[in-house]
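A structural walkthrough
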Amino acid sequence: MEKTVHMENHTGNNQDKYNEICAMLASITEGVPYTMTNLANASALLNESLEGINWVGFYIIKDGKLVLGPFQGKVACTIIPMGKGVCGTAAQSDSTLVVPDVHKFAGHIACDSASNSEIVVPMHRDGAVFGVLDIDSPLFDRFSKEDEEGLEQFVKTLEVVI
Ligand code: SME
């Protein structure tokens, strides 16, 4: 019996799938002028659309720190200093971080011990970093280049309504 779990099983045809998810996001956020409302539905949409994940949500910059926003998953840490953890590092450097094995990322902040890989994508408002999208997976190496591009496309769609 083949024991390897191939990524295709978890992500399907990624480009088409992310186009569909982004179209759904645009549809559910259209005409909704409330940031928290749109972030809440965005986290729910990703949670029901992506397989092999155990946490998805947002940290928003307040008073120079990342503060927990809408999410789906287990209770998480509430405040992450800029430059700390995967989230704080991605926010400070304003770059997407894909971590195939969180146990090898120095300074990783463990919220759910089940998490083994993670992706963090910075979000912008008025040209500056506003917060991050954070997704955890119990699988190692869950997030492919296509996931990275698809989730950056998702964040661009979200940036229009936050
Ligand atoms: N792992 C993150 C902390 C947030 S939780 O994963 C929800 C980090 O290292 O920044």
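Residues numbered from 1 in each chain as written. Predicted model: local features only at pLDDT ≥ 70, side-chain atom pairs only at ≥ 80, totals over all residues.

1. Thoughts on the nonpolar core
Convention followed: Only buried residues count toward a nonpolar core: Ala, Val, Leu, Ile, Met, Phe, Trp, Tyr and Cys, linked into one set through C-beta atoms within 7 Å. Exposure in this text rests on C-beta crowding, where 20 or more other C-beta atoms within 10 Å of a residue's own make it buried, 12 or fewer make it exposed, and counts in between make it partly exposed. The C-beta atoms are placed from the backbone. Once C-beta atoms are placed from the backbone, any two residues with those atoms within 7 Å are in contact.
Ranked by size, the top nonpolar core spans 36 residues in total, and within it Cys87, Val120, Val132 and Leu133 carry the most contacts. In contact with Leu133, other than residues within four places in its own chain, are Phe58, Val121, Met123, Leu151 and Val155.

2. Regarding the sheet that holds strand β6 (residues 128-137)
Note the cut-off: A pair of strands is considered paired only if DSSP assigns at least 2 bridges between the two. Only runs of H or I of at least four residues qualify as helices and only runs of E of at least two qualify as strands under DSSP, and these elements are numbered from the N terminus. Only C-alpha atoms enter the line fits that serve as axes; for helices the fit covers just the stretch in contact. Angles between N-to-C directions range over 0 to 180 degrees.
With antiparallel pairing, 6 strands are arranged side by side in an open sheet as β3-β2-β1-β6-β5-β4. A single partner strand is all that each edge strand has here, and the edge strands are β3 (79-81) and β4 (97-99). Taking each pair of neighbouring strands and ignoring which way they run, the sheet shows an average axis angle of 25 degrees. Here 3 bridges tie β4 to strand β5 (residues 117-125), and the two strands are oriented antiparallel to one another. For Leu97, the partnering residue across the bridge sits in β5 and is Val120. Each of β1 (55-62), β2 (65-73) and β6 touches helix α3 (residues 35-49); the most contacted strand, β2, lies at about 50 degrees to it. Here helix α4 (residues 85-93) sits on the sheet in contact with β1, β2, β3, β4, β5 and β6, set at roughly 35 degrees to β5.

3. Some words on the site of the ligand
Counted only if it meets this: Nearness here is judged by the C-beta atom: place it from the backbone, and if it falls within 6 Å of a molecule or strand, the residue counts as near that partner. Under this grouping Gly is polar, as are all residues other than the nonpolar Ala, Val, Leu, Ile, Met, Phe, Trp, Tyr, Cys and Pro and the charged Asp, Glu, Lys and Arg.
Neighbouring the ligand are 15 residues; Gly85, Val86, Cys87, Ile109 and Cys111 lie closest to it. Going through the elements one at a time, α4 and β6 are the ones with two or more residues in the shell around the ligand. Counting residues per element, the shell around the ligand draws most heavily on α4, at 4 residues. Here the shell around the ligand is composed, by residue class, of 8 nonpolar, 4 polar and 3 charged.

4. Concerning helix α2 (residues 14-29)
What counts, and what does not: Each residue after the first adds 1.5 Å to the expected span of a helix. Here the arc refers to the directions that run from the helix axis out to each C-beta atom.
Over its 16 residues, α2 extends 22 Å from the first C-alpha to the last, a length consistent with the 22 Å expected when each residue adds 1.5 Å. Those residues of α2 not exposed but buried are Tyr18, Ile21, Leu25 and Thr29. The buried residues of α2 occupy an angular sector of 60 degrees when projected down its axis, which confines them to one face. Facing away from the buried side of α2, by more than 90 degrees, are the exposed residues Asp16, Ala23 and Ser27. Check the buried side of α2 and you find it contacts α3 and α5 (145-159). Trailing α2 by a residue or two, Gly31 shows a phi angle of about 75 degrees, which is positive.

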